[in-house]
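Chain and residue survey
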Amino acid sequence: MTERIALVTGGNKGIGLEVVRGLGAAGATVYLGARQPALGEAAAAHLRAEGHHVRFLELDVTNAQHVAAAAALIEREHGRLDILVNNAAIGLDFTPPSQVTIESLRAIFETNTFAPVALINALLPLLRRSPAGRIVNVSSDFGSLTLNTTPKTPHRKAISLAYPSSKAALNMLTVQYAKELRETTVRINAVDPGFTDTDMTSGMGNATRSPAQGAVAILRLALAGDDCPHGTYGNEDGPHPW
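Everything numeric in this text was worked out from a predicted model, so none of it was measured.

Things to note about the packing of helix 1 (residues 14-25) against helix 8 (residues 211-222)
Contact pair helix 1 / helix 8: the axes reach a minimum separation of 8 Å and the direction vectors enclose 50°. It follows from the interaxial angle that helix 1 and helix 8 lie oblique. In terms of crossing hand, the pair formed by helix 1 and helix 8 is right-handed. Residues Gly 14, Ile 15, Glu 18, Val 19, Gly 22 and Leu 23 of helix 1 touch helix 8, and the partners they reach there are Pro 211, Ala 212, Gly 214, Ala 215, Ile 218, Leu 219 and Ala 222.

Things to note about the pairing of strand 4 (residues 83-86)
Both faces of strand 4 are covered, namely the face carrying Ile 83 and Val 85 and the face carrying Leu 84 and Asn 86. Relative to strand 4, strand 1 (residues 5-8) runs parallel, the two sharing three bridges. Bridged to Ala 6 within strand 4 is Ile 83. Note that strand 4 and strand 5 (residues 134-138) share four bridges and pair parallel. Bridge pairing in strand 5 places Val 85 opposite Val 136. Taken together, strand 4, helix 4 (residues 102-128) and strand 5 form a β-α-β motif whose crossover is right-handed.

A word on the layout of surface pockets
Here the second largest pocket is characterised by a volume of approximately 250 Å³. Contributions of two or more residues to the lining of the second largest pocket are made by strand 6 (187-191), helix 8, strand 7 (233-235) and strand 8 (238-239). Among the residues forming the lining of the second largest pocket, the class breakdown is 10 nonpolar, five polar and three charged.

Points about the packing of aromatic side chains
The final tally for this structure, using the stated rule, is three aromatic pairs. Judged by centre distance (6.1 Å) and plane angle (50°), the ring pair of Phe 109 and Phe 114 falls under tilted. Taking the relative accessible area as the measure of exposure, Phe 109 reaches 16% and is therefore buried. Centre to centre, the rings of Tyr 233 and Trp 242 are 5.1 Å apart; their planes meet at 35°, and the pair counts as tilted. Residue classification places Tyr 233 among the buried positions, given a relative accessible area of 2%.

Topic: the sheet that holds strand 4
The sheet built from eight strands is open, its strands ordered 3-2-1-4-5-6-7-8 with mixed pairing. The open sheet is flanked by strand 3 (53-58) and strand 8, the only strands paired with a single partner. Of the pairings in the sheet, the one linking strand 1 to strand 2 (residues 29-34) comprises four bridges and is parallel in character. Residue Leu 7 lies in a different strand from strand 2, and its bridge partner there is Tyr 31. Against the sheet, helix 2 (residues 37-49) engages strand 2 and strand 3, with an angle of about 175° to strand 3. The strands that helix 8 touches are strand 4, strand 5, strand 6 and strand 7; relative to strand 5, the one it contacts most, it runs at about 160°.

Regarding the packing of helix 1 against helix 2
Any two packed helices are characterised by how steeply their axes cross, that is the angle between the axes, and by the distance between the axes. Here helix 1 crosses helix 2 at 35°, and the two axes come no closer than 11 Å. Read as a crossing pair, helix 1 and helix 2 show a hand that is right-handed. Together, Leu 17, Val 20 and Arg 21 of helix 1 and Ala 43, His 46 and Leu 47 of helix 2 make up the contact between the two elements. Class assignment for the residues of the contact of helix 1 with helix 2 results in four nonpolar, one polar and one charged.

Rules used throughout
- Residues numbered from 1 in each chain as written.
- Predicted model: local features only at pLDDT ≥ 70, side-chain atom pairs only at ≥ 80, totals over all residues.
- Heavy atoms only, no water.
- Axes fitted to C-alpha atoms, helices over the stretch in contact; angles between N-to-C directions.
- Helix = DSSP H or I, 4+ residues; strand = E, 2+ residues; numbered from the N terminus.
- Parallel < 35°, antiparallel > 145°, perpendicular 65-115°, else oblique.
- Left-handed = near helix turned anticlockwise from the far one by under 90°.
- Contact = heavy atoms within 4.5 Å.
- Buried < 20%, exposed > 50% of the residue type's maximum accessible area, 1.4 Å probe, protein only.
- Pairing = 2+ DSSP bridges.
- Right-handed = clockwise from strand over helix to strand, strands pointing away.
- 1 Å grid on protein atoms, 1.4 Å probe; cavity = no way out; pocket = protein on both sides within 12 Å on 5 of 7 lines; lining within 4 Å.
- Points joined across faces, edges and corners; volume = space filled by probe spheres on them.
- Nonpolar A, V, L, I, M, F, W, Y, C, P; charged D, E, K, R; others polar.
- Phe/Tyr/Trp six-rings, centres within 6.5 Å; stacked < 30°, edge-to-face > 60°.

Structure follows, in structure tokens:
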């Protein structure tokens, strides 16, 4: 296969940065999508210094103009996209449902659920041109209905609304796109990176996984060959219950 072209959202730090690094190490040309130009440029420059082919792309995933511009740029420069990693996410907290505002709920869904739909729809024509298009939606085990309702699991005790709901919705949209794309060369999956030590989990003492560990399962699916699964949800150890 020719050099792969990839786009990673939220790529300037944490898990996203490690995914960009891993794709670059595999020989891909990677667009590092990030909202803040200064941070995105600095991250891309650092990875280029390591020898990776990385380019910063200003991309607020909730901005329709940014999404359209990203699709137009990749179309103009490469004519196809091989890998899309929907990594950008916000809003992990433990506010009781009765105290969640509609405004905060809407903001979290805009980034975690609606933005992946917008990006997939904008970039799908380019992914269809790839001989092996790959879409990886970065989900969470907190999005599992089964784990949230199973006695004696940590999820059963944790009360949160916006973030888990947005990830459960992300899992369902993964399933629905998988059904639409099953007769194509595009493969889509949802991945749980595990409870990783990032800015989002700062202060939560049990987030012990490193961003590099969190990137492992994402990279495996992003770079998978003909045996790539389709429409699945799990982590590096195997499937999760929906």
